[in-house]
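Structural characterization, general
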Amino acid sequence: MTKTSDDELDVYVKSALGKKARNPVLLDVSHLTSLADAFLICHGTSNRQVSAIAEHIQRDLKKKGIKALSVDGLKEGHWVLMDYGHVVVHIFYESTRSFYNLEGLWSDARRIQTESLNQVVDYPDDDCEVDESVFIE
């Protein structure tokens, strides 16, 4: 595989962030496997969001002339795997991401910081705070 620049990888990150993908991590796996140069790992907070992120990435990248070689898991929305040849995108449902822990499995991989990743603000996964004073005991 040819080495992919960090700027070329940023287009994948931007696409994932377009549907509010959570906690995106970009790993350089080029020296660890011949499968790809990089893995983009992120998650959604519901099955529908996971599928929406994947569909958005597919549409957005297709507009830029980048087509997926294969996409698996889109209907279920637990773990969508998108193979772009030199980049493999993993979009998880939050608990599935924790269970499989790909970042731990590929811990020898260097983390890549792109321009878009540098601007990411990690929000807590609790979308709303509960005011406990409104509950009757």
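All of these numbers come straight from a predicted model, not from anything done at the bench.

Right, let's talk about helix 1 (residues 6-17) for a bit. When the terminal C-alpha atoms of helix 1 are compared, their 16 Å separation across 12 residues agrees well with the 16 Å that a helix rising 1.5 Å per residue should span. Among the residues of helix 1, those classed as buried are Leu 9, Asp 10, Val 11, Tyr 12, Val 13, Ser 15 and Ala 16.

Turning next to unusual backbone geometry. Positioned with a positive phi, Lys 20 is a non-glycine residue whose angle comes to about 60 degrees. You can see Lys 20 is positioned in the loop between helix 1 and strand 1 (22-28). The class for Lys 20 is exposed, based on a relative accessible area of 62%. Phi angles above zero are rare outside glycine, and Asn 23 is one such case at about 45 degrees. Along the polypeptide, Asn 23 turns up in strand 1.

On the surface, a cluster of positive charge is contributed by Lys 19, Lys 20, Arg 59 and Lys 63. By secondary structure assignment, the location of Lys 19 is in the loop between helix 1 and strand 1. According to the relative accessible area criterion, Lys 19 is partly exposed, its value standing at 37%.

This part is about the confidence of the model for the protein chain. Residues at a pLDDT of 70 or more form 85% of the protein chain, whose mean pLDDT is 86. Overall, residues 125-137 carries pLDDT values under 50, and its contacts beyond four positions in sequence, including any with other chains, amount to 7 contacts.

Now for the packing of aromatic side chains. One pass over the structure, following the stated rule, counts 5 aromatic pairs. Ring centres of Trp 79 and Tyr 100 lie 4.9 Å apart, and the angle between their planes is 50 degrees; on these two criteria the pair is classed as tilted. A residue pair is termed long-range when its members are at least 10 positions apart, and Trp 79 in strand 4 (residues 79-83) and Tyr 100 in helix 3 (residues 94-100) qualify at 21 residues. Ring geometry for Phe 99 and Tyr 100: centres 5.0 Å apart, planes at 90 degrees, overall edge-to-face. With a relative accessible area of 41%, Tyr 100 lands in the partly exposed category. Here the aromatic residues Trp 79, Phe 92, Phe 99 and Tyr 100 are joined through ring pairs into a cluster of three or more.

Taking every second residue as pointing to the same face, the buried face of strand 4 carries Val 80 and Met 82, while none of Trp 79, Leu 81 and Asp 83 on the other face is buried. Inspection of the sheet shows strand 3 (residues 70-72) paired to strand 4 by 3 bridges, in the antiparallel sense. For Val 71, the partnering residue across the bridge sits in strand 4 and is Met 82. Between the end of strand 3 and the start of strand 4, which pair antiparallel, lie 6 residues, with Gly 73 showing a positive phi angle near 85 degrees. The hairpin turn running from strand 4 into strand 5 (residues 87-93), its antiparallel successor, is 3 residues long, and Gly 85 in that turn takes a positive phi close to 85 degrees.

Below, the discussion takes up the packing of helix 1 against helix 2 (residues 47-63). Helix 2 packs onto helix 1 with a crossing angle of 135 degrees between their chain directions and a minimal axis gap of 8 Å. For the element pair helix 1 / helix 2, the angle class is oblique. Of the two possible hands of crossing, helix 1 and helix 2 adopt the one that is right-handed. Residue-level inspection shows Val 11, Tyr 12, Ser 15 and Ala 16 of helix 1 in contact with helix 2, the latter providing Ile 53, His 56, Ile 57, Asp 60 and Leu 61. Residues belonging to the contact of helix 1 with helix 2 are distributed by class as follows: 6 nonpolar, 2 polar and 1 charged.

What counts and what doesn't
- Residues numbered from 1 in each chain as written.
- Predicted model: local features only at pLDDT ≥ 70, side-chain atom pairs only at ≥ 80, totals over all residues.
- Heavy atoms only, no water.
- Helix = DSSP H or I, 4+ residues; strand = E, 2+ residues; numbered from the N terminus.
- Expected span 1.5 Å × (residues − 1).
- Buried < 20%, exposed > 50% of the residue type's maximum accessible area, 1.4 Å probe, protein only.
- Patch = residues over 30% accessible without salt bridge, like charges linked within 9 Å, V, L, I, M, F, W, Y side chains within 5 Å.
- Areas by Shrake-Rupley, 256 points an atom, 1.4 Å probe, with all protein chains shown as cover.
- Salt bridge = Lys/Arg side-chain N within 4 Å of Asp/Glu carboxyl O.
- Lys, Arg positive; Asp, Glu negative; His and termini not counted.
- Charge placed at Lys NZ, Arg CZ, Asp CG, Glu CD.
- pLDDT = per-residue confidence, 0-100.
- Contact = heavy atoms within 4.5 Å.
- Phe/Tyr/Trp six-rings, centres within 6.5 Å; stacked < 30°, edge-to-face > 60°.
- Pairing = 2+ DSSP bridges.
- Axes fitted to C-alpha atoms, helices over the stretch in contact; angles between N-to-C directions.
- Parallel < 35°, antiparallel > 145°, perpendicular 65-115°, else oblique.
- Left-handed = near helix turned anticlockwise from the far one by under 90°.
- Nonpolar A, V, L, I, M, F, W, Y, C, P; charged D, E, K, R; others polar.

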